[in-house]
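# Commentary on secondary and tertiary structure
If you want the building blocks of each chain, they are given just below.
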Amino acid sequence: MPVQYYLFLSLALFSIGVMGAMMRRNAIIVFMCIELMLNAVNLLLVAFSKMYNDSSAQIMVFFNMVVAAAEVAVGLAVIVMMYRKVHSVDINILNRLKH
Amino acid sequence: MSVYEILFWFLTVMALSCALGVILSRNPVNSVLFLIATFFAISGHYILMNAQFLAIVNIIVYAGAIMVLFLFVIMLMNLNADTEPQKNRLIQLAGVISGGALFLVVLAALRTSTVNVLEQTSTDIGLIKNLGKTLFTQFVLPFEISSVLFLSAMIGAVVIGKKEEGQTA
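Residues numbered from 1 in each chain as written. Chains lettered and ligands numbered in written order. Predicted model: local features only at pLDDT ≥ 70, side-chain atom pairs only at ≥ 80, totals over all residues. Heavy atoms only, no water.

### Observations concerning the side chain of N58(B)
Positionally, N58(B) belongs in helix α3 (residues 52-77). Ignoring any residue separated from it by four or fewer positions in sequence, one finds N58(B) in contact with N39(A), M65(A), F39(B), I42(B), S43(B), Y46(B) and A63(B). (Helix = DSSP H or I, 4+ residues; strand = E, 2+ residues; numbered from the N terminus. Contact = heavy atoms within 4.5 Å.)

### Some thoughts on the domain arrangement of chain B
Structurally, chain B comprises domain 1 (1-84) and domain 2 (128-163). Using C-alpha coordinates to define each centre, domain 1 of chain B is positioned 24 Å away from domain 2 of chain B. (Domains from an automatic or database assignment.)

### Focus: the interface of chain B and chain A
Counting from both sides, the interface comprises 84 residues of chain B and, opposite them, 69 residues of chain A. With both chains or domains summed, chain B and chain A bury close to 7300 Å², and 75% of this area falls on carbon and sulfur atoms. Taken together, the connections running from chain B to chain A amount to five residue pairs in polar contact (both at pLDDT 80 or more). When contributions to the side of chain B that touches chain A are tallied by element, the ones reaching two or more residues are α1 (3-24), α2 (28-48), α3, α4 (89-110), α5 (128-137) and α6 (140-161) of chain B. Across the side of chain B that touches chain A, the residue classes tally to 53 nonpolar, 22 polar and nine charged. (Buried area = accessible area lost by both parts, 1.4 Å probe. Polar contact = N/O pair within 3.5 Å; in protein donor to acceptor, adjacent residues only side chain to side chain. Nonpolar A, V, L, I, M, F, W, Y, C, P; charged D, E, K, R; others polar.)

### Description of a nonpolar patch on the surface
Taken together, Y5(A), M1(B), I6(B) and W9(B) make up a surface patch of nonpolar side chains, about 450 Å² in accessible area. Positionally, I6(B) belongs in helix α1. Taking relative accessible area as the criterion, I6(B) reaches 46% and is therefore assigned partly exposed. (Patch = residues over 30% accessible without salt bridge, like charges linked within 9 Å, V, L, I, M, F, W, Y side chains within 5 Å. Areas by Shrake-Rupley, 256 points an atom, 1.4 Å probe, with all protein chains shown as cover. Salt bridge = Lys/Arg side-chain N within 4 Å of Asp/Glu carboxyl O. Buried < 20%, exposed > 50% of the residue type's maximum accessible area, 1.4 Å probe, protein only.)

### A few points about unusual backbone geometry
The phi dihedral of N53(A) falls on the positive side, at around 55 degrees, and the residue is not glycine. Structurally, N53(A) is set in the loop between α2 (27-52) and α3 (56-86). Its identity is not glycine, yet N50(B) carries a phi of approximately 60 degrees, on the positive side. Positionally, N50(B) belongs in the loop between α2 and α3.

### Description of the environment of S15(A)
Note that S15(A) resides in helix α1 (residues 3-23). A C-alpha to C-alpha distance of 27 Å links S15(A) and R96(A), two positions 81 residues apart in sequence. What S15(A) contacts, discounting residues up to four positions off in sequence, is G99(B), L102(B) and F103(B).

### Observations regarding α1(B)
Spanning 22 residues, α1(B) covers 31 Å between terminal C-alpha atoms, matching the ideal 32 Å at 1.5 Å per step. On the buried face of α1(B), the contacting elements are α1 and α2 of chain A together with α2 of chain B. (Expected span 1.5 Å × (residues − 1).)

### Here we look at the environment of A57(A)
Residue and element names in this part refer to chain A. Positionally, A57 belongs in helix α3. For the pair A57 and Y5, spaced 52 residues apart in sequence, the C-alpha separation works out to 18 Å. The contacts of A57, once residues within four sequence positions are left out, are L45 and S49.

### Remarks on α4(B)
Given a rise of 1.5 Å per residue, 22 residues ought to cover 32 Å, and the 31 Å separating the end C-alpha atoms of α4(B) matches this to within 8%. Within α4(B), the full set of buried residues consists of Q92(B), G95(B) and G99(B). For α4(B), the angular spread of buried residues about the axis comes to 65 degrees, placing them on one side. Residues of α4(B) that are exposed and angled more than 90 degrees away from the buried face: R89(B), L90(B), I97(B), L104(B), V105(B) and A109(B). In this fold, the buried residues of α4(B) make contact with α1 of chain A. (Arc of directions from axis to C-beta.)

### Thoughts on the nonpolar core
Most often, soluble globular proteins keep nonpolar side chains buried together rather than apart. With 56 residues, the main nonpolar core has Y6(A), I28(A), M32(A), I79(A), Y46(B), M67(B) and F70(B) as its most contacted residues. F62(A), F63(A), L131(B) and L135(B) belong to the second largest nonpolar core, which has seven residues in total. (Core = buried A, V, L, I, M, F, W, Y, C linked by side-chain atoms within 4.5 Å.)

In structure tokens:
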């Protein structure tokens, strides 16, 4: 397989994530689209790691997953907190920092 | 077509269609399930590239832990009704156009890049033995720092999610 195929596949996944983050109003869906973008980048890193036969990129993917797990824990706590305050996860309600 | 190519195209189509399902389905629970399917397809790609450790970690951490957390939060908020207000059509169209423009620009920039074929001979850098050696010799300091990151994320999540004084529900 040419590595370009993996390049275009992860590019397509990343673009879908960008589209979803801009299209949807549900904060959880936006958050999931960010996870999708992270995974697209991880896929490309693994392809490059195989291309150069170097394991550093796979360690990088490992740390990406670590950071993503920490980010999800904090982000979902923020979303739950926001739901308690305004009883909605609509991101358009949060267009002001105070109300 | 060899088995390898058939598997590659199958996993590619599965990943892309499930990713589209994530952003197009109305019900958030369906979105979570589509995202889990996407992660399984990506794990299949990892196995094709002989990165078994990352494939297993991807399934355990992403499809197992993170998506269960998402599903739990969605169930907790009772969002599985189709009550989500939609953005108006113009903004949705703008989102699709700008995402597609990003795709086209990067595609055009990378289309003529030099072709490197991934050899199908198995390299063993993705096995847990070699990755573990690299992780605990060359990258041992970032590994230890990530534990501090986890601790701070855990404390942060607890502090943020804590009920405030006098708040009900």
